[in-house]
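# Summary of structural features
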Amino acid sequence: MTMTAVADIRRTPLRGMRAMIAGAMRKSLDEAAQLSHQGECDVTSLLEHKAALDEAGIRVSLEDLLAHGLIRALRRHPLLNGRLEGNEILHYDAVHLSFAMALSETQLVAPALFDAERLSLTELAAARKALVARARAGRLSVSEMTGGTFTLTNLGRSRVRFFTPVINLPQLAILGIGETRRVPVVGADGEIRARSLMGLSLTFDHRAVDGGPAAAFFDTLCRLLEGEPDEPAQP
């Protein structure tokens, strides 16, 4: 076994944005009691809906559709929409949805889209696009960087199916989107059909949210993405 020459090692100081990200990740793992639920969601109907929208000239991304469903699920399960600050758990009526986005291989931000529950699907798509543009231009506000109540992170274009996203403190939870696969599924009628199954990973802070409510939220989210009609939000 030969020792690697010192000249072959590239050293990168942990500073600037990378140091801030490292500190935030370490703080999150040190402070929060993080637990992840993982499962598959049948997004066949959702993908067909997107194709129909495309055909009608309505341009929205799959992430926009997922975010729209997520917001509706959070309205039904407000226990996951909030922050833990000091010795208080703060639950919000409004959904300030943070979107994790990589600006480069070493830069990651998660700015918030405020009052996302007030937006239609097309309004959400436009607002998210504008948020991404401001992030890339370095024009995010402090409130956008720090004011979210829930985070969505997307690895759906990779081969990663399930993962353990790290909570964006002081938020209570984060949802990770994984790879979607076309697989044979046995239906209720016994017939085998090809369906599109997406891997989803929900990490939540067990200090503020128990496993049962988190699982109920996960189930509601999948039902909504699978085409279940919406219901009134919980009071």
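Residues numbered from 1 in each chain as written. Predicted model: local features only at pLDDT ≥ 70, side-chain atom pairs only at ≥ 80, totals over all residues. Heavy atoms only, no water.

### Some points on the nonpolar core
Grouped together as the largest cluster of nonpolar side chains are 46 residues, with contacts concentrated most on Leu70, Leu97, Phe150, Leu200 and Leu202. Apart from the residues within four sequence positions on either side, Leu202 is in contact with Leu35, Ser36, His37, Leu80, Phe150, Ala173, Ile174, Leu175, Ala214, Phe217 and Phe218. (Core = buried A, V, L, I, M, F, W, Y, C linked by side-chain atoms within 4.5 Å. Buried < 20%, exposed > 50% of the residue type's maximum accessible area, 1.4 Å probe, protein only. Contact = heavy atoms within 4.5 Å.)

### Here's the deal with the environment of Arg72
Within the fold, Arg72 resides in helix α3 (residues 62-76). Separated by 26 residues in sequence, Arg72 and Ser98 place their C-alpha atoms 15 Å apart. (Helix = DSSP H or I, 4+ residues; strand = E, 2+ residues; numbered from the N terminus.)

### A short note on the layout of surface pockets
By volume, the largest pocket amounts to about 1500 Å³. As for the largest pocket, its lining consists of 50 residues, of which Phe99, Ala100, Met101, Leu108 and Val109 are closest to the centre. Here the lining of the largest pocket gets seven residues from one element, more than from any other, and that element is helix α1 (residues 16-31). For the lining of the largest pocket, the residue count by class is 27 nonpolar, 16 polar and seven charged. Approximately 180 Å³ is the volume found for the second largest pocket. Elements with a contribution of two residues or more to the lining of the second largest pocket: α2 (44-55), α3 and α6 (211-225). Counting residues per element, the lining of the second largest pocket draws most heavily on α3, at four residues. (1 Å grid on protein atoms, 1.4 Å probe; cavity = no way out; pocket = protein on both sides within 12 Å on 5 of 7 lines; lining within 4 Å. Points joined across faces, edges and corners; volume = space filled by probe spheres on them. Nonpolar A, V, L, I, M, F, W, Y, C, P; charged D, E, K, R; others polar.)

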